[in-house]
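Survey of secondary and tertiary structure
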Amino acid sequence: MDVVETLRTGFDRTASRTGAALILAAFVAQLASTVALHSQPPEATAPIREEFPALAPPAESPLAFPLSALGAAALSFAAMVAAVAVFVVGFRALSDDGIPSPRTVTRNVGWATLHGIAGYLLLLALTSVGIVLFVLPGVFVLVTFAFFVGFVALEDDGVVSAYRESWALTSGRRVGVSLFFGVLLVVVLLGNTLAGIPVTLLFGVSEMLGWIANVAVSAVTMVYTAAVLAVGFVQLRDGDEDDDEFSDIDDELLP
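Small disclaimer: the values here were computed from a predicted structure and weren't measured. (Residues numbered from 1 in each chain as written. Predicted model: local features only at pLDDT ≥ 70, side-chain atom pairs only at ≥ 80, totals over all residues. Heavy atoms only, no water.)

**So, the overall build of the protein**
Our working rule: Here a strand is any run of E in DSSP of at least two residues, a helix any run of H or I of at least four, and the numbering for each starts at the N terminus. Here the radius of gyration uses the C-alpha set of atoms, whereas the globule reference equals 2.2 Å times the residue count to the power 0.38. Contacts were defined at the residue level, with two residues in contact if any of their heavy atoms lie within 4.5 Å. For this count, His and the chain ends are skipped, Lys and Arg are scored as positive, and Asp and Glu as negative. Here the site of a charge means atom NZ of a Lys, CZ of an Arg, CG of an Asp or CD of a Glu.
Tallying secondary structure elements over the protein gives 11 helices and zero strands in all. Its helices and strands in sequence order give the protein the pattern α-α-α-α-α-α-α-α-α-α-α, from N to C terminus. In summary, the protein has a C-alpha radius of gyration of 20 Å against a globular reference of 18 Å for 255 residues, a match within 12%. Pairs at least 24 residues apart make up 75% of the contacts formed inside the protein by residues separated by at least 6 positions. Side chains of the protein give 11 positive and 25 negative charges; the mean places of these two sets differ by 6 Å.

Given below as structure tokens:
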């Protein structure tokens, strides 16, 4: 797996017209999610504010709307579904360097989104339990099953089948895949840190502009991550196919 080439190709595809359209869609989904979080009634976020103040939404926000707790929760759920759908479509659209057709990237998108949500929730739960135990089990779970999304998005697999295929895909390559995810994490953190400088300056000018810029950075990060994962997945999958190119030939005919 060529990590540098994967990161570079992911950047090129994010910067394409297809990538720009996906960033816009991701921005809308992320903005809806931020509005839902900021619009939660104070009593609904009080436990978070007490236990995890850094994760709590601001007490007053220009993105807050007068929604009930149920209304904000419904908007948050809709935003999550939209974000996963964008990620699935983005994975499909950015998995090769051609111009994808709308019919190709949106086929069975509801089915893929449903399994994408289930798969991500399962991955989050397994990774969290693994990290709480001894950290390394959580890393192993993430490295082993993170490519399930490729089988859901590109091959229309269900969650169980996608997890099984991801296990097989990463088998024997988990050190290299771990390096891939480690470098991707560093690149994303570095990019967000650099982007955070102008975002902070915008907060000083206008809180509204600051939050919008922050959402825009999140949207770019989401699409770039989808692009890199898609390129990495295709590299691994095609590597398997290359390894098996003589599988249909009689063993007696092989040297």
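**What to know about the confidence of the model for the protein**
Put simply, the test is: pLDDT is defined as a per-residue confidence score from the predictor, taking values between 0 and 100.
Of the residues in the protein, 91% have a pLDDT of 70 or more, and the chain-wide mean is 87. Below a pLDDT of 50 lies the segment residues 243-255, which in the model reaches three contacts outside its immediate sequence neighbourhood of four places, other chains included.

**Digging into the packing of helix 6 (residues 109-134) against helix 7 (residues 136-145)**
For clarity, the cut-off: For every element, the axis is a line fit to its C-alpha atoms; helices are fit only across the contacting stretch, and the angle between N-to-C directions ranges from 0 to 180 degrees. Small angles under 35 degrees read as roughly parallel and large ones over 145 as roughly antiparallel, with 65 to 115 read as roughly perpendicular and the rest as oblique. Any residue that is not Ala, Val, Leu, Ile, Met, Phe, Trp, Tyr, Cys, Pro, Asp, Glu, Lys or Arg is counted as polar, Gly included; the first ten are nonpolar and the last four charged.
Helix 7 packs onto helix 6 with a crossing angle of 150 degrees between their chain directions and a minimal axis gap of 5 Å. Taken together, the axis directions place helix 6 and helix 7 in an arrangement best described as roughly antiparallel. Facing helix 6, whose interface residues are Leu123, Leu126, Thr127, Gly130, Ile131 and Phe134, helix 7 presents Leu136, Pro137, Gly138, Val141, Leu142 and Phe145. Here the contact of helix 6 with helix 7 is built from residues that sort into nine nonpolar, three polar and no charged.

**A look at the pattern of salt bridges**
Heads up, the condition is: Here, a salt bridge means any side-chain nitrogen of Lys or Arg that lies within 4 Å of a carboxyl oxygen of Asp or Glu. The buried label applies to any residue whose accessible area, calculated with a 1.4 Å probe on protein chains only, is under 20% of its type's maximum; exposed applies above 50%, and partly exposed to all values in between.
Inspection of the entire model under this criterion finds six salt bridges. Ionic pairing is found between Asp156 and Arg92, a salt bridge with its closest N-O pair at 3.3 Å. On the criterion of sequence distance, the pair formed by Asp156 in the loop between helix 8 (148-155) and helix 9 (159-170) and Arg92 in helix 4 (residues 69-93) is long-range, its members being 64 residues apart. The class of Asp156 is partly exposed, set by a relative accessible area of 26%. Owing to a relative accessible area of 5%, Arg92 belongs among the buried residues under this scheme. For Glu155, the salt bridge identified is with Arg237, shortest N-O distance 3.8 Å. Residue Glu155 is found in helix 8, and its partner Arg237 is found in helix 11 (residues 207-243); the two are separated by 82 residues along the sequence. Judged by relative accessible area, Arg237 falls into the partly exposed class, the value being 23%. When salt bridges that share partners are traced, they join Glu5, Arg8 and Asp12 into one network.

**Observations regarding the nonpolar core**
Note the cut-off: Definition used in this section: a nonpolar core is a set of buried Ala, Val, Leu, Ile, Met, Phe, Trp, Tyr and Cys residues joined via side-chain atoms within 4.5 Å.
Counting residues in each nonpolar core, the largest one holds 53 residues, and the members touching the most others are Phe91, Phe147, Phe181 and Phe233. Among the elements that take part in this core, helix 11 stands out by supplying 13 residues, more than any other. Leave out the neighbours within four places in its chain, and Phe91 touches Val149, Gly150, Ala153, Leu154, Ala226, Leu229, Ala230 and Phe233.

**A few points about the layout of surface pockets**
Stated precisely, the cut-off is as follows: Any residue with an atom within 4 Å of a point lines the site, the site being either a cavity, points on a 1 Å grid over the protein atoms alone where a 1.4 Å probe fits but cannot get out, or a pocket, an open set with protein on both sides within 12 Å along at least 5 of 7 lines. Grid points are joined across faces, edges and corners, and a volume is the space filled by probe spheres set on the points.
Empty space within the largest pocket amounts to approximately 1100 Å³. Lining the largest pocket are 29 residues, with Phe87, Tyr120, Leu123, Thr225 and Leu229 positioned closest to its centre. Broken down by secondary-structure element, the contributors of at least two residues to the lining of the largest pocket are helix 2 (17-38), helix 4, helix 6, helix 7, helix 10 (174-205) and helix 11. Class assignment of the residues belonging to the lining of the largest pocket gives a composition of 21 nonpolar, eight polar and no charged.

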